[in-house]
Amino acid sequence: MTTLRRLAPYFRPLWRIVVAAVVLMAFYALLSGFSLGLILPIVDKVFVEGASQTEPSLTVAQGLSDTWRAVTKALGGDGSPNARLGAAREAAAAGLSRIQREAGARDVLVWLCVTTLVVILLKNLAEFGRRAAFFIIEQRAAEAMRNDLFRRILHLPMGTLHRMPSGQLVSRVITDVELVQRFTINTAAQFSHSLFQVLVYLGLSVWASPKLAAASFLIVPPIAIITAKLSGKLRKRSSHAQERIADLTDSLSETLGVMRVVKAFGTEPQEIRRFSEHARAYRRSVIRLLTIDGMAAPLSEFWGVLIGVGVLFIGGQLALDPDGSLTPGRFFVFLLALLSMLHPLKQLSGVVTSFQRGAAATERMFEILDLPEQSEPAHAADLALCLN
């Protein structure tokens, strides 16, 4: 939270785009859940009841028209707003239930196919808008960060600049800002996007079968415990890797800056050995970092599949039980909602580790921004110190 709080000034001028992106996220998640909910009438009405259905007494168009009139009448009735909303929900549920009972299977199938196409189109348009909005946010924020870093570097005292190698400063402006953009800004957006989807899919699974939904909660504690342990190690390794790449950049910059001296004294072997040591240290730190990072997604997927198999077995038994309340349609809705929830859950587990890497880069960036500026104009002594 401290990291996001310190980055907040870079997002305040973009608050309209941020709000639009969040609205598109929620819209996408709701449409994703709605598209899965369409499986219920497709399975129960078309495939289960379709063959044995008698002559339909209602068309889908007439049923939707009657339902709309009942909902508008309930909303315009007497009582408190909550009472009117409750009456409208009951009218909508009764109307849809009537359509499922009395409408023909072929008519329902046509309307469901058209509705599915429209919902998928709107969902993809929302996803495109969300991506475009966050591209703008990421690039504008990264531009402002680089400008602030460069401005602060220009106003640092000569003594501070003399103590900090140029390679370190270049790494802060280029590499660290790129890591902040990739692992902090992008990760925060991905966290919100995945969280909306998890909430919608979780609500859909509870609606389909509360008993089976309780079993799906077993997926959360193991992932939370594992990712909590990995995140601390990952943050430490990420900071260590960034320090090693800064040392490598500094070694290269120093060697290139005194190339004439190196050739004059014949110190090429020493410089090669020094650069190789920095490259080896960077390679080892990156391997450790990527090893820890690579553990999060496979472990979360394993737990998800384990719970999914257990739910499939239990839910299958309930669906096959003639006296059970779990219809085939509700079972398929629950199963697909659970399986759809695994991907955003896996992304949420990766969000924690990715954010730790971005937090380390953010701390390094603010180390420069927090340095005191030069209070007086540079004097000849300061210039001589810098030149030496």
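What comes next is a walk through the structure. (Residues numbered from 1 in each chain as written. Predicted model: local features only at pLDDT ≥ 70, side-chain atom pairs only at ≥ 80, totals over all residues. Heavy atoms only, no water.)

1. Some points on the packing of helix H4 (residues 60-75) against helix H5 (residues 81-102)
As a reminder of what qualifies: For helices, the axis comes from a line fit to the C-alpha atoms of the stretch in contact; other axes are also lines fit to C-alpha atoms, and the angle between any two N-to-C directions lies between 0 and 180 degrees. Strands are runs of DSSP state E lasting at least two residues, helices are runs of H or I lasting at least four, and both sets are numbered from the N terminus onward. These descriptions rest on fixed angle ranges, namely under 35 degrees for roughly parallel, over 145 for roughly antiparallel, 65 to 115 for roughly perpendicular, and the rest for oblique. Any two residues having at least one pair of non-hydrogen atoms within 4.5 Å are treated as being in contact. Note that Gly is not counted as nonpolar here; it falls among the polar residues with everything else outside the nonpolar set of Ala, Val, Leu, Ile, Met, Phe, Trp, Tyr, Cys and Pro and the charged set of Asp, Glu, Lys and Arg.
With their axes 8 Å apart at the nearest point, H4 and H5 run at an angle of 170° to one another. Relative to H5, the element H4 lies roughly antiparallel. Residues Val60, Gly63, Leu64, Asp66, Thr67, Ala70, Val71, Ala74 and Leu75 of H4 touch H5, and the partners they reach there are Arg84, Leu85, Ala87, Ala88, Ala91, Ala92, Gly95, Leu96, Arg98 and Ile99. Its residues placed into classes, the contact of H4 with H5 shows 13 nonpolar, three polar and three charged.

2. Quick word on the nonpolar core
To keep things clear, this is the line we draw: Here, nonpolar core means buried Ala, Val, Leu, Ile, Met, Phe, Trp, Tyr and Cys residues that are tied together by side-chain atoms lying within 4.5 Å of each other. Note on classification: 1.4 Å probe, protein chains only; a residue is buried when its accessible area is under 20% of the maximum for its type, exposed when over 50%, partly exposed between these limits.
By size, the foremost hydrophobic cluster in this structure holds 28 residues, and its most contacted members are Leu7, Tyr10, Met145, Leu149 and Met365. Secondary-structure elements contributing two or more residues to this core are helix H2 (15-37), helix H6 (105-154), helix H8 (166-208) and helix H13 (328-369). Residues within four places of Tyr10 in sequence aside, it is in contact with Ala141, Ala144, Met145, Asp148, Phe366 and Leu369. Of all hydrophobic cores here, the second largest spans 22 residues; its members include Val198, Tyr201, Val333 and Phe334.

3. A closer look at the side chain of Ser285
The residue Ser285 is located in helix H12 (residues 268-320) in this model. Not counting residues up to four positions away in its chain, the partners in contact with Ser285 are His240, Ala241 and Arg244.

4. With respect to the pattern of salt bridges
The cut-off we apply is this: Salt bridges are identified by distance alone: a Lys or Arg side-chain nitrogen within 4 Å of an Asp or Glu carboxyl oxygen.
In this structure the tally under the stated criterion is 13 salt bridges. Salt bridges linked by common partners bring Arg172, Asp176, Arg364 and Glu367 together as one network.

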